[in-house]
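Observations on chain architecture
The lines below spell out each chain.
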Amino acid sequence: QVQLVESGGGLVQPGGSLRLSCAASGSIFSIYNMGWYRQAPGKERELVAAITSGGTTNYANSVKGRFTISRDNAKNTVYLRMNSLKPEDTAVYYCYASLSQGYWGQGTQVTVSS
């Protein structure tokens, strides 16, 4: 019903910025709750940021003040703007969409290193 494709990951130095994008297709995008998870090597997958269909956002404490999640329903896209990146932000970042059922993207690698 929903297909998700992430993009925008890559290698960045500490203190740098990246913007991740998640393009959705196959359903009515505007009614879904959207978000980003990440999983670092040897770690559990964790919620980074989420945004409801109504625009309400929440963030993990570790990224609050540095990351911003937003959505553009006209483009069927969710974004994650990441500023002041730290090495501990290194992970595979996954997009998700949920209503009564959840859907996952394939993930995009973010590496923060000197």
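Keep in mind the model is a prediction, meaning the values are calculated, not measured.

In the case of a regular strand, side chains alternate between the two sheet surfaces. With respect to burial, strand β9 (residues 91-98) is a largely interior element, seven of its eight residues being buried. Sheet topology note: the strand β4 (residues 33-39)/β9 ladder contains seven bridges and is antiparallel. When the bridges of β9 are listed, Arg38 appears paired with Tyr93. Note that β9 and strand β11 (residues 108-112) share three bridges and pair antiparallel. Note on β11: the bridge partner recorded for Ala91 is Val110. When β9 meets strand β10 (residues 102-104), the two strands line up antiparallel, connected through three bridges. If you follow Ala97 over to β10, its bridge partner there is Tyr103. Count of turn residues in the β9/β10 antiparallel hairpin: three residues.

Bringing a nonpolar patch on the surface into the picture now. Together, Ile28, Ile31 and Leu99 line one region of the surface with nonpolar side chains, adding up to about 280 Å² of accessible area. Relative to the helices and strands, Ile28 resides in the loop between β3 (18-25) and β4. When its relative accessible area of 54% is taken as the criterion, Ile28 is described as exposed.

With that settled, the discussion passes to unusual backbone geometry. A negative phi angle characterises most non-glycine residues, just as the trans form characterises most peptide bonds. Look at Asn76: it is not a glycine, yet its phi comes out positive at around 55°. Among the structural elements, Asn76 can be located in the loop between β7 (67-72) and β8 (77-82). A positive phi angle, close to 50°, is found at Ser84, a residue other than glycine. Assignment of secondary structure puts Ser84 in the loop between β8 and β9. Using a relative accessible area of 41% as the deciding quantity, one classes Ser84 as partly exposed.

Turning our eyes to something else, we now look at the sheet that holds strand β1 (residues 3-7). Reading across the sheet, the four strands line up as β1-β3-β8-β7 and stay open at both edges, with antiparallel pairing between neighbours. Every other strand in the sheet has two partners, leaving β1 and β7 as the edge strands with one partner each. The mean inter-strand angle of the sheet, taken between neighbouring strand axes irrespective of direction, is 15°. Alignment of β1 against β3, held across five bridges, turns out to be antiparallel. Residue pairing across strands places Gln3 opposite Ser25, the latter belonging to β3.

Right, let's talk about the state of the cysteines for a bit. Within the structure shown, the criterion is met by one disulfide. The disulfide bridge from Cys22 ends at Cys95, spanning 2.0 Å between sulfur atoms. Disulfide Cys22-Cys95: the torsion about the S-S bond is -80°, which places it as left-handed. A residue pair is termed long-range when its members are at least 10 positions apart, and Cys22 in strand β3 and Cys95 in strand β9 qualify at 73 residues. Judged by relative accessible area, which is 0%, Cys22 ranks as buried.

Rules used throughout
Residues numbered from 1 in each chain as written. Predicted model: local features only at pLDDT ≥ 70, side-chain atom pairs only at ≥ 80, totals over all residues. Heavy atoms only, no water. Buried < 20%, exposed > 50% of the residue type's maximum accessible area, 1.4 Å probe, protein only. Helix = DSSP H or I, 4+ residues; strand = E, 2+ residues; numbered from the N terminus. Pairing = 2+ DSSP bridges. Patch = residues over 30% accessible without salt bridge, like charges linked within 9 Å, V, L, I, M, F, W, Y side chains within 5 Å. Areas by Shrake-Rupley, 256 points an atom, 1.4 Å probe, with all protein chains shown as cover. Salt bridge = Lys/Arg side-chain N within 4 Å of Asp/Glu carboxyl O. Axes fitted to C-alpha atoms, helices over the stretch in contact; angles between N-to-C directions. Disulfide = S-S within 2.5 Å.

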